Amino acid sequence: AAWFAQTGGPKSKGSKILAPSGHVKRSGWVEVPLGMSTRTFLYDLCGGVSTGRPLKCLQPAGVSSVPIPEPLLDTPITNENYEKAGLTLGSGGMVVLDDSTCIVDLMRYYLEFDWVESCSRCTTCRVSNERLYDILTRIADGRGTLTDLEAIELLDKTNWETALCGLGQVAGLPAAGAVRHFRAELEAHILEKRCPAGVCRALAGPRAGLAAVGR
């Protein structure tokens, strides 16, 4: 134990296994000392974004985590530092996504997973995941309103406080995180009827949706 505690930061001792995937040059399994910056992990250890495009976000625990925008990449990889920054480290899945990704489309994909996977025991999980999916679908179709963003945050808070299992508790985290960190992109869908990534079909013409293939 003493030997293991020599690695890591003052509060988070030891190391953590991370699993980079997605738009990243070197994927697989990487063991890093806790306290390493997320930027160092992504660019020095994993080689950066494989497509050569700018980073859109990094999902540290896949469907159960807040998307990390580029400005927060200097956050040290520890539970307490992620929590302080409003992020969730979770399993350390580290899904890397470039700017061809639409944050609305990505959140819909995550909510569809949580909605289908819900055991339906909790009313909040069973109903609010479907409502979250409906809200994001309206936004993707150009029918969203700014009050939808407030509803996303409210449903996330309700899930966190009332669901009985981890899936239900964190189901709304990614969407609520997108509201905080990618609000401009969500507002582009709502106010400008425009999908900046060109993914949402209703807002970007007949060629839209091609970037989402194979997500």
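Going by the structure above, here's the rest.
Description of the structure in this document. (Residues numbered from 1 in each chain as written. Predicted model: local features only at pLDDT ≥ 70, side-chain atom pairs only at ≥ 80, totals over all residues. Heavy atoms only, no water.)

As a further point, take the packing of aromatic side chains. Taken as a whole and judged by the stated rule, the model has 2 aromatic pairs. Taking 6.1 Å as the distance between ring centres and 40 degrees as the angle between the ring planes, the aromatic pair formed by Tyr 109 and Tyr 110 counts as tilted. Consider the rings of Trp 115 and Tyr 133, whose centres lie 5.3 Å apart with planes at 45 degrees: the pair is tilted. Taken as a pair, Trp 115 in helix H3 (residues 103–117) and Tyr 133 in helix H4 (residues 123–140) lie far apart in primary sequence, 18 residues in all. Judged by relative accessible area, which is 31%, Trp 115 ranks as partly exposed. (Phe/Tyr/Trp six-rings, centres within 6.5 Å; stacked < 30°, edge-to-face > 60°. Helix = DSSP H or I, 4+ residues; strand = E, 2+ residues; numbered from the N terminus. Buried < 20%, exposed > 50% of the residue type's maximum accessible area, 1.4 Å probe, protein only.)

Here the focus is the pattern of salt bridges. A full pass over the atoms with the stated rule returns 11 salt bridges. Measuring nitrogen to oxygen at the nearest pair gives 3.7 Å for the salt bridge that ties Arg 131 to Glu 130. Classification of Glu 130 as partly exposed rests on a relative accessible area of 26%. A salt bridge links Glu 187 to Arg 183; the shortest N-O distance between them is 2.9 Å. Residue Glu 187 and its partner Arg 183 are located together in helix H8 (residues 183–191), separated by 4 residues, close to a single helical turn. In this structure Glu 187 comes out as partly exposed when scored by relative accessible area, which is 25%. (Salt bridge = Lys/Arg side-chain N within 4 Å of Asp/Glu carboxyl O.)

Two elements in contact, H3 and helix H7 (residues 173–181), have axes whose closest approach is 9 Å; the angle formed by their N-to-C orientations is 165 degrees. The angle between H3 and H7 places the two elements in the roughly antiparallel class. For H3 against H7, the interelement crossing comes out left-handed. Listed contacts from H7 to Ile 103, Met 107, Tyr 110 and Leu 111 of H3 are Pro 174, Ala 175 and Ala 178. Among the residues forming the contact of H3 with H7, the class breakdown is 7 nonpolar, no polar and no charged. (Axes fitted to C-alpha atoms, helices over the stretch in contact; angles between N-to-C directions. Parallel < 35°, antiparallel > 145°, perpendicular 65-115°, else oblique. Left-handed = near helix turned anticlockwise from the far one by under 90°. Contact = heavy atoms within 4.5 Å. Nonpolar A, V, L, I, M, F, W, Y, C, P; charged D, E, K, R; others polar.)

In this section: the sheet that holds strand S4 (residues 55–59). Picture the strands of a sheet paired through backbone hydrogen bonds; they go either parallel or antiparallel. The 3 strands lie next to each other as S2-S5-S4, forming an open sheet whose pairing is mixed. Across the chains shown, the open sheet's two edge strands, defined by having one partner strand only, are strand S2 (21–22) and S4. Of the pairings in the sheet, the one linking S2 to strand S5 (residues 95–98) comprises 2 bridges and is parallel in character. If you follow Gly 22 over to S5, its bridge partner there is Val 96. Each of S4 and S5 is contacted by H3, which is oriented at about 20 degrees to S4, the strand it contacts most. (Pairing = 2+ DSSP bridges.)

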